[in-house]
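Below, each chain spelled out in residue letters.
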Amino acid sequence: MLRCVVSGPSGDGLGLAQVVWLATDDGWIGARSEPDWTGRRMVALRPVAREDIGVWVAPYLAQLLEGTDG
């Protein structure tokens, strides 16, 4: 299992996100939160490669940086 945690100031509190990948015999599977049409938080499993880690982490990092001066 690979877990990347992104945290930092966000608004009046602390923002926190994580990227979770699971190792299988056939390669890595990424678990991504994807709400369905009812608003429930569902999890989608997607095949990933090691060079995809930045693509998975970047949106969370960008969201935190938007709320700071950095």
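As the structure is a prediction and not an experimental result, all values here were calculated from the model.

Student: Run through the packing of aromatic side chains, naming residues and quoting values.
Tutor: Tallied over the full model, the rule gives 2 aromatic pairs. With centroids separated by 6.2 Å and ring planes inclined at 50 degrees, the aromatic side chains of W21 and W28 adopt a geometry described as tilted. Overall, the relative accessible area of 2% leaves W21 in the buried class. Taking the relative accessible area as the measure of exposure, W28 reaches 34% and is therefore partly exposed. An aromatic cluster is defined as three or more aromatic residues linked by ring pairs; in this entry it consists of W21, W28 and W56. Over the face of the ring belonging to W56 we find R32, whose NZ or CZ atom lies 3.8 Å from the ring centre.

Student: Describe the sheet that holds strand β4 (residues 41–48), with residues and values.
Tutor: The strand order across the open sheet formed by 4 strands is β1-β2-β3-β4, and the pairing between neighbours is antiparallel. Looking at the sheet topology across the chains shown, the edges are occupied by β1 (2–10) and β4. With direction set aside, neighbouring strand axes in the sheet form an average angle of 25 degrees. Strand direction decides the pairing type here: strand β3 (residues 27–35) and β4, joined by 8 bridges, are antiparallel. Residue pairing for β4: P35 is matched across the bridge by R41. In the packing of helix α1 (residues 53–66) onto the sheet, the strands contacted are β1, β2 (13–24), β3 and β4, and the crossing angle to β1 comes to about 15 degrees.

Student: Pulling in residues and values, what's your account of α1?
Tutor: In a regular helix each residue adds 1.5 Å, so 14 residues correspond to 20 Å; α1 covers 20 Å between its end C-alpha atoms and thus fits that length. Maximal helix bending in α1 amounts to about 30 degrees, located at P59. When we look at burial in α1, the residues that qualify are W56, V57 and L64. In the core, the buried residues of α1 are packed alongside β1, β2, β3 and β4.

Conventions and cut-offs
- Residues numbered from 1 in each chain as written.
- Predicted model: local features only at pLDDT ≥ 70, side-chain atom pairs only at ≥ 80, totals over all residues.
- Heavy atoms only, no water.
- Phe/Tyr/Trp six-rings, centres within 6.5 Å; stacked < 30°, edge-to-face > 60°.
- Buried < 20%, exposed > 50% of the residue type's maximum accessible area, 1.4 Å probe, protein only.
- Lys NZ or Arg CZ within 6 Å of the ring centre and 35° of its normal.
- Pairing = 2+ DSSP bridges.
- Helix = DSSP H or I, 4+ residues; strand = E, 2+ residues; numbered from the N terminus.
- Axes fitted to C-alpha atoms, helices over the stretch in contact; angles between N-to-C directions.
- Contact = heavy atoms within 4.5 Å.
- Expected span 1.5 Å × (residues − 1).
- Bend = angle between axes of the 7 residues up to and from the residue.

Everything listed here is a matter of geometry and, on its own, says nothing about what the molecule does.
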